[in-house]
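Analysis of the macromolecular model
Given next are the chains, with one letter for each unit.
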Amino acid sequence: VVRGATVPVVIVPAAGASGGPIADLLVPLDGSTLAEAALPQAVTFARALDAELHLIRIVEPIRDAFFMYGSPMSLYLSDAQLTRLQEEADSEANSYLATIADSLANQPVRVTQTIRHGNPAQQLLRMTADFPRKNRMQDQTV
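The notes below deal with the structure included here.

Here the focus is the overall build of the chain. Counting secondary structure elements, the chain contains five helices and three strands. Ordering the α and β elements of the chain from the N terminus gives β-α-α-β-α-α-β-α. Accessible surface for the chain amounts to roughly 9,300 Å². Of this, 58% is attributable to carbon and sulfur atoms.

Structure, rendered in structure tokens:
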């Protein structure tokens, strides 16, 4: 559903459907206007729920991408060059998220920015698994 959707989609993990408060909203952004179309709705939800808005960008490791897709370039790049390419991709992702966060600065909502490396689907699943645990721990200490 998410991959083929042409409109913003809200996903609530089963743990979040238990009726407890939703404290975190993850907004995965890949740089596309389609992904960014979810931002106004995400801000509306975050304000209504007093939740924190987490802007997420998953950067696939450059080395993996070159080797996975069989790029002939991988045969000619040194480790130092691959490292530089990864740093450039990370810098671009940080800059992109900072620009988006700045555009939300006038909104009364808490915003964080996170970059992860790896397969986007796997990283998002890991992150969604982490947040309910974080919220449960906070609930127990309150």
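Where charged atoms from two side chains of opposite charge approach closely, those side chains can pair. Summed over the entire model, instances satisfying the criterion amount to three salt bridges. Of the charged contacts, one joins Glu 88 and Arg 84 as a salt bridge, the two residues approaching to 3.3 Å between their closest N and O atoms. One end of the pair is Glu 88 and the other is Arg 84, both in helix 4 (residues 79-103) and four residues apart, which spans about a single turn. Assessed through its relative accessible area of 45%, Arg 84 is described here as partly exposed.

What follows is about the sheet that holds strand 2 (residues 52-59). Taken together, the three strands give an open sheet; going across it, the order is 1-2-3, and neighbouring strands pair in parallel fashion. If you trace the sheet from one side to the other, it starts and ends with strand 1 (24-28) and strand 3 (111-117), each paired once. Pairs of neighbouring strands in the sheet enclose a mean axial angle of 25 degrees, with direction left out of account. Two elements, strand 2 and strand 3, share seven bridges in a ladder whose sense is parallel.

About the criteria used
- Residues numbered from 1 in each chain as written.
- Predicted model: local features only at pLDDT ≥ 70, side-chain atom pairs only at ≥ 80, totals over all residues.
- Heavy atoms only, no water.
- Helix = DSSP H or I, 4+ residues; strand = E, 2+ residues; numbered from the N terminus.
- Areas by Shrake-Rupley, 256 points an atom, 1.4 Å probe, with all protein chains shown as cover.
- Salt bridge = Lys/Arg side-chain N within 4 Å of Asp/Glu carboxyl O.
- Buried < 20%, exposed > 50% of the residue type's maximum accessible area, 1.4 Å probe, protein only.
- Pairing = 2+ DSSP bridges.
- Axes fitted to C-alpha atoms, helices over the stretch in contact; angles between N-to-C directions.

What is shown is where atoms sit, not what they do.
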